[in-house]
Amino acid sequence: MRPPTRRVSALAAAALAAVLVTTGCSELQEVSQGVDKAQQCLQATGIVTDTVRKVAGLTDDPAALEKALNDGAAKLGDLADQAANTTLKEAADGVAADLRKVNVTDVNSAVDAAQKTATDSARWIEQLSSACS
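Residues numbered from 1 in each chain as written. Predicted model: local features only at pLDDT ≥ 70, side-chain atom pairs only at ≥ 80, totals over all residues. Heavy atoms only, no water.

Novice: Please give an account of the pattern of salt bridges that cites residues and values.
Specialist: Oppositely charged side chains are able to pair whenever their charged atoms sit close together. For the coordinates displayed, the defined rule picks out nine salt bridges. One salt bridge connects D71 with K67, and the closest N-O pair in it is separated by 2.8 Å. One end of the pair is D71 and the other is K67, both in helix α2 (residues 62–82) and four residues apart, which spans about a single turn. Overall, the relative accessible area of 33% leaves D71 in the partly exposed class. Here K101 and D98 are joined by a salt bridge, their closest N and O atoms 3.9 Å apart. Of the two residues, K101 and D98 are both situated in helix α3 (residues 86–101); the distance of three residues between them amounts to about one turn of the helix. Assessed through its relative accessible area of 65%, K101 is described here as exposed. Residues participating in the shared-partner salt-bridge network are D98, K101, K116, D120 and R123. (Salt bridge = Lys/Arg side-chain N within 4 Å of Asp/Glu carboxyl O. Helix = DSSP H or I, 4+ residues; strand = E, 2+ residues; numbered from the N terminus. Buried < 20%, exposed > 50% of the residue type's maximum accessible area, 1.4 Å probe, protein only.)

In structure tokens, the structure reads:
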């Protein structure tokens, strides 16, 4: 049997190790959440730029243009649903709502929609980037 002082030392060492592991795990979790947020921010801005790029090439096909807008909105909505960061979630939901509001019924409205998304994309990227800061 160990003397009591050795047993206390062993218990203290075990407790210290547990504290260090717990602290390390919480720091690791914070770093992981930061990486997740950064990835989601990159994805969000990528969705916007990809959607605007697609829309720009579809001005002669209103149905395809509307589908591209809705697809972009759906992707941003999915990203918002997965975002752990509330500010990013709200920004992604807001941009998705703006994309859904664009109404395309004919070639003229398709041209207008392409121009609007190109103009608004800078504001959307700024909103998303601000949410990521």
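Novice: Describe α3, and please don't skip the residues or the numbers.
Specialist: Compared with the 22 Å implied by 1.5 Å per residue over 16 residues, the 23 Å span of α3 between its first and last C-alpha is a close match. Sitting at the head of α3, N85 places a side-chain oxygen 2.9 Å from the backbone nitrogen of T87. (Expected span 1.5 Å × (residues − 1). Polar contact = N/O pair within 3.5 Å; in protein donor to acceptor, adjacent residues only side chain to side chain.)

Novice: How would you summarise the environment of L88 if you had to cite specific residues and measurements?
Specialist: Tracing the backbone shows L88 in helix α3. Aside from chain neighbours lying at most four places away, what touches L88 is K37, Q40, C41, A83, L128, A131 and C132. (Contact = heavy atoms within 4.5 Å.)

Novice: Let's hear about the nonpolar core: which residues, and what values?
Specialist: The nonpolar side chains of a soluble globular protein tend to be buried, and buried together. Counting residues in hydrophobic clusters, the biggest one holds 28 residues, and the most contacted among them are V48, L65, L69, L76, V104 and L128. Mapped by element, the contributors of at least two residues to this core are α1 (4–56), α2, α3 and α4 (107–132). (Core = buried A, V, L, I, M, F, W, Y, C linked by side-chain atoms within 4.5 Å.)

Novice: Can you lay out the environment of A44 for me, pointing to particular residues and giving the numbers?
Specialist: Secondary-structure assignment places A44 in helix α1. Measuring from C-alpha to C-alpha, the distance between A44 and L76 comes to 6.4 Å, with 32 residues separating the pair along the chain. Look past the residues within four positions of A44 in its chain and what remains in contact with it is L76, L79 and L128.

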